Amino acid sequence: ERNLLTVQLTTIAMTMLGSAYQFLQGVRLMTHAGFMFPVMKNSMKVDNIMRQTQNCQWLGLRWMYISLAPIAWVVGGSRAFFMAALMLLQFF
């Protein structure tokens, strides 16, 4: 029972940390691009950084969606985990 709880909480922590990391990388890149706007008006560097920021935000959302399954596992048990996994497969 204790090992199962450890696995459950570890999976939630890893997916939520992955989500937070991606969001923080997006913010870091966006801040970097904000400092470049007044300096480089005709450069594509800012556009590339903003594209990377958008990718980081989407990855953060994907990690957050993936974390729903382990959260459902802890809160609702194996049947809730199964239903969450099926819904994520259907809509993800």
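Residues numbered from 1 in each chain as written. Predicted model: local features only at pLDDT ≥ 70, side-chain atom pairs only at ≥ 80, totals over all residues. Heavy atoms only, no water.

## Some words on the overall build of the protein
Part 1 of the argument: Each helix and strand in the protein was counted, giving 4 helices and 0 strands.
Part 2 of the argument: From first element to last, N terminus to C terminus, the protein shows the α and β order α-α-α-α.
Part 3 of the argument: For 92 residues, the compact-globule formula gives about 12 Å, and the C-alpha radius of gyration of the protein, at 18 Å, lies well above that figure.
Part 4 of the argument: The principal-axis extents of the C-alpha atoms in the protein amount to approximately 60 × 30 × 10 Å.
Part 5 of the argument: Within the protein, buried positions represent 24% of all 92 residues. (Helix = DSSP H or I, 4+ residues; strand = E, 2+ residues; numbered from the N terminus. Rg over C-alpha atoms; globule rule 2.2 N^0.38 Å. Buried < 20%, exposed > 50% of the residue type's maximum accessible area, 1.4 Å probe, protein only.)

## Description of the side chain of Gln25
Part 1 of the argument: Take Gln25: it is sitting in helix α1 (residues 2-36).
Part 2 of the argument: Polar side-chain contacts of Gln25 include one of 2.9 Å to the side chain of Arg28. (Polar contact = N/O pair within 3.5 Å; in protein donor to acceptor, adjacent residues only side chain to side chain.)

## Overview of the packing of aromatic side chains
Part 1 of the argument: Counted by the stated rule, this structure contains 1 aromatic pair.
Part 2 of the argument: Note on Trp73 and Phe81: the rings are 5.5 Å apart at their centroids and 45° apart in plane angle, and the pair reads as tilted. (Phe/Tyr/Trp six-rings, centres within 6.5 Å; stacked < 30°, edge-to-face > 60°.)

## What to know about the nonpolar core
Part 1 of the argument: Ranked by size, the top nonpolar core spans 5 residues in total: Leu29, Ala33, Val46, Ile49 and Cys56.
Part 2 of the argument: Secondary-structure elements contributing two or more residues to this core are α1 and α2 (45-66).
Part 3 of the argument: Once you skip the residues sitting within four places of it in the chain, Cys56 turns out to touch Gln22, Phe23, Gln25, Gly26 and Leu29. (Core = buried A, V, L, I, M, F, W, Y, C linked by side-chain atoms within 4.5 Å. Contact = heavy atoms within 4.5 Å.)

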